[in-house]
Number of protein chains: 2
Amino acid sequence: MTRQELISLINKKQSFLCVGLDSDIEKIPQHLLKEEDPVFEFNKKIIDSTLPYTVAYKPNLAFYESNGIKGLISLKKTMDYLKDKRNECLIIADAKRGDIGNTSKQYAKSMLSEDGDFNFDAITIAPYMGKDSVMPFLSYPNKWVILLALTSNEGAADFQYMEDKNGVQLFEKVLATAQQWETSKDNLMFVCGATKAEKFEDIRKIAPDHFLLVPGVGAQGGSLKEVCKYGMNKDCGLLVNSSRGIIFADKTEDFYKVAGEKARELQQEMKSYLEQR
Amino acid sequence: MTRQELISLINKKQSFLCVGLDSDIEKIPQHLLKEEDPVFEFNKKIIDSTLPYTVAYKPNLAFYESNGIKGLISLKKTMDYLKDKRNECLIIADAKRGDIGNTSKQYAKSMLSEDGDFNFDAITIAPYMGKDSVMPFLSYPNKWVILLALTSNEGAADFQYMEDKNGVQLFEKVLATAQQWETSKDNLMFVCGATKAEKFEDIRKIAPDHFLLVPGVGAQGGSLKEVCKYGMNKDCGLLVNSSRGIIFADKTEDFYKVAGEKARELQQEMKSYLEQR
């Protein structure tokens, strides 16, 4: 999906919501456990009920890998189910990969190749190993790297705020350095956590045009309003993720209806911020 | 495997060799492609021929994931094959994972749980997301986290050498900070690339006792002699990895014999450095 297609989708749906498919088998509604593939059944119903309000889906690989090979089969089936909905949503592998060049190339093949089991549109990458760990993911046309910059968790403070002698922090260095590689706003986004909304002003000084993938709204305590105030640009420039707050909002047989309702509420709020641009 | 068991193994085999099972299906000998599971057949033969000279195996997940679900089945079979050899080698998931706490917990389950498909002894972790991304992996007794500190690739220079106002570099901060978490030399190792052997003196000032996993000898150009000169401690404290230099040394039907010979050569060199301690 190109940047222009993503922007059109946001304008059409009046939403920049990303639904995190962190479909932990221990947290999905009990009645699904009698199904042959409970996680896939869960994902299908969540996708159907949220798609009108959503421009992206983001399965976190950990929640599939934790169920072993069976879990990855659930993920593959989910990707197959999304096949005829590719124009209606961007599909992000939240995988936080990154390795030396020839190894990253293998991860890229695994996650982004059209001939592979998954064929994601985008993948999250950890920046610690630098340029050659990132570039192989950019060899797939119209696919995206989403580089971790400032994450939403407590541990972000351990290294990401480290300051060099000019007062530049590590996450700012990541934002600036990655733009010096052969990347552009058409194939690179950054992860910036909603729990750090006050930082979005600084982030936009360094990366005014790039899309930001923003986790941490909802269960982790981030404010959508603050994120939009400081982070939105003329193209919107935001994908705001909610996982637990939508997909686990209800554990009854009506879980998918409640998930759809929660997604709609967020979309309505997003619509109001898009109109205020 | 405990630290003491690992040290005993090193002394018994007079080796601190780790064989990287980066078993790229495009690089294994052609004649294996007629087998039902070529990668598994390759791994079995490599393991059989190298085990006398090797104290650790390190499959890099990328080379299995790139073959999709089929690739992960090859990996599971490899782990099953190693089941009765667990006392003879440490088995490392080179996965470079790391996510917010509740997500890292899922990766830990996937890679380290005895009930899971893989049951690795150790896993490599990227430090960018800090403490809560690392700690869940330490909840499995006698299993190890191997934290990236200074990697062997060119991109290491992009962020790992960043200096704070006191002249402390990011990789040094990782080495020091991770020791302040509830970790010890009994459950934490660091990745330090052989291509940076001159840095091992500094690394040993910060982490004198920890085991270091050292990639980059061989194909990437690092020198075993230099690594040992600056990095070895009284317990050895090193696991030196070789992947391509051993497993792809020969592409004929004798590939496993040549691999065994290459492993033996490295073991002989390692023996001499162990004796010089």
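The present account deals with the structure reproduced in this document.

What counts as what
- Residues numbered from 1 in each chain as written.
- Chains lettered and ligands numbered in written order.
- Predicted model: local features only at pLDDT ≥ 70, side-chain atom pairs only at ≥ 80, totals over all residues.
- Heavy atoms only, no water.
- Helix = DSSP H or I, 4+ residues; strand = E, 2+ residues; numbered from the N terminus.
- Buried < 20%, exposed > 50% of the residue type's maximum accessible area, 1.4 Å probe, protein only.
- Contact = heavy atoms within 4.5 Å.
- Polar contact = N/O pair within 3.5 Å; in protein donor to acceptor, adjacent residues only side chain to side chain.
- Phe/Tyr/Trp six-rings, centres within 6.5 Å; stacked < 30°, edge-to-face > 60°.
- Salt bridge = Lys/Arg side-chain N within 4 Å of Asp/Glu carboxyl O.
- Pairing = 2+ DSSP bridges.
- Axes fitted to C-alpha atoms, helices over the stretch in contact; angles between N-to-C directions.
- Least-squares fit on C-alpha atoms with pLDDT ≥ 70 in both.

Focus: the environment of D48 of chain A
Residue and element names in this part refer to chain A. Residue position: D48 is located in helix α2 (residues 38-50). Taking the relative accessible area as the measure of exposure, D48 reaches 44% and is therefore partly exposed. Along the chain, D48 and A263 lie 215 residues apart, while their C-alpha atoms are 12 Å from each other. Sequence-distant contacts of D48, that is, excluding residues within four places in its chain, are made with Y81 and K85. Side-chain polar atoms of D48 contact the side chain of Y81, separated by 2.7 Å.

A short note on the environment of A197 of chain A
Residue and element names in this part refer to chain A. For A197, the position within the fold is in the loop between β6 (188-192) and α9 (200-206). For the pair A197 and K173, spaced 24 residues apart in sequence, the C-alpha separation works out to 18 Å. In contact with A197, not counting residues within four places along its chain, are E226, V227 and Y230.

Focus: the packing of aromatic side chains
Residue and element names in this part refer to chain A. Enumeration according to the criterion identifies 14 aromatic pairs over all chains in this entry. An angle of 80 degrees between the planes, with centres 5.5 Å apart, marks the rings of F255 and Y256 as edge-to-face. Overall, F255 belongs to the buried group, its relative accessible area being 1%. Of the residues examined, Y256 reaches a relative accessible area of 23% and is grouped as partly exposed.

Describing the pattern of salt bridges
Considering all chains together, one arrives at 38 salt bridges over all chains under this definition. K109 of chain A is paired through a salt bridge with E26 of chain B; the nearest N and O atoms lie 3.7 Å apart. You can see K109 of chain A sitting in helix α5 (residues 101-112) and its partner E26 of chain B sitting in the loop between β1 (17-20) and α2 (38-50), one on each of two chains. Its relative accessible area of 29% is what places K109 of chain A among the partly exposed residues. Owing to a relative accessible area of 62%, E26 of chain B belongs among the exposed residues under this scheme. The salt bridge involving K77 of chain B is made with D37 of chain B; its shortest N-O contact spans 2.8 Å. Pair noted here: K77 of chain B is in helix α4 (residues 68-81) and D37 of chain B is in the loop between β1 and α2, with a separation of 40 residues, a long-range link. Residue classification places K77 of chain B among the partly exposed positions, given a relative accessible area of 28%. Overall, the relative accessible area of 10% leaves D37 of chain B in the buried class.

As for the sheet that holds strand β5 (residues 144-150) of chain A
All names here are of chain A. Spatially, β1-β2-β3-β4-β5-β6-β7-β8 is the arrangement adopted by the eight strands of the closed barrel, whose pairing is parallel. Ignoring strand direction, the axes of neighbouring strands in this sheet form an average angle of 30 degrees. Relative to β6, β5 runs parallel, the two sharing five bridges. Among the inter-strand pairings, L150 is bridged to a residue of β6, identified as C192. Running over the sheet, α5 touches β3 (90-97) and β4 (122-125) and is turned about 150 degrees from β3.

Some words on the pairing of strand β5 (residues 144-150) of chain B
When a strand is regular, its side chains alternate between the sheet's two faces. Residues and elements named next belong to chain B. Most of β5 is tucked away, with seven of its seven residues classed as buried. As paired elements, strand β4 (residues 122-125) and β5 share four bridges and run parallel to each other. Among the inter-strand pairings, I125 is bridged to a residue of β5, identified as L147.

A closer look at the relation of the copies chain B and chain A
These two copies of the chain differ by a rotation about an axis and a displacement along the same axis. The transform that puts chain B on chain A rotates by 180 degrees and translates by 0.0 Å along the axis, for an RMSD of 0.0 Å. Here the copies are linked by what is in effect a two-fold axis.

Quick look at unusual backbone geometry
The phi torsion at N142 of chain A lies on the positive side, around 60 degrees, for a residue other than glycine. You can see N142 of chain A is positioned in the loop between α6 (131-134) and β5. Positioned with a positive phi, C236 of chain B is a non-glycine residue whose angle comes to about 85 degrees. If you trace the backbone, C236 of chain B turns up in the loop between α10 (224-231) and β8 (238-242).

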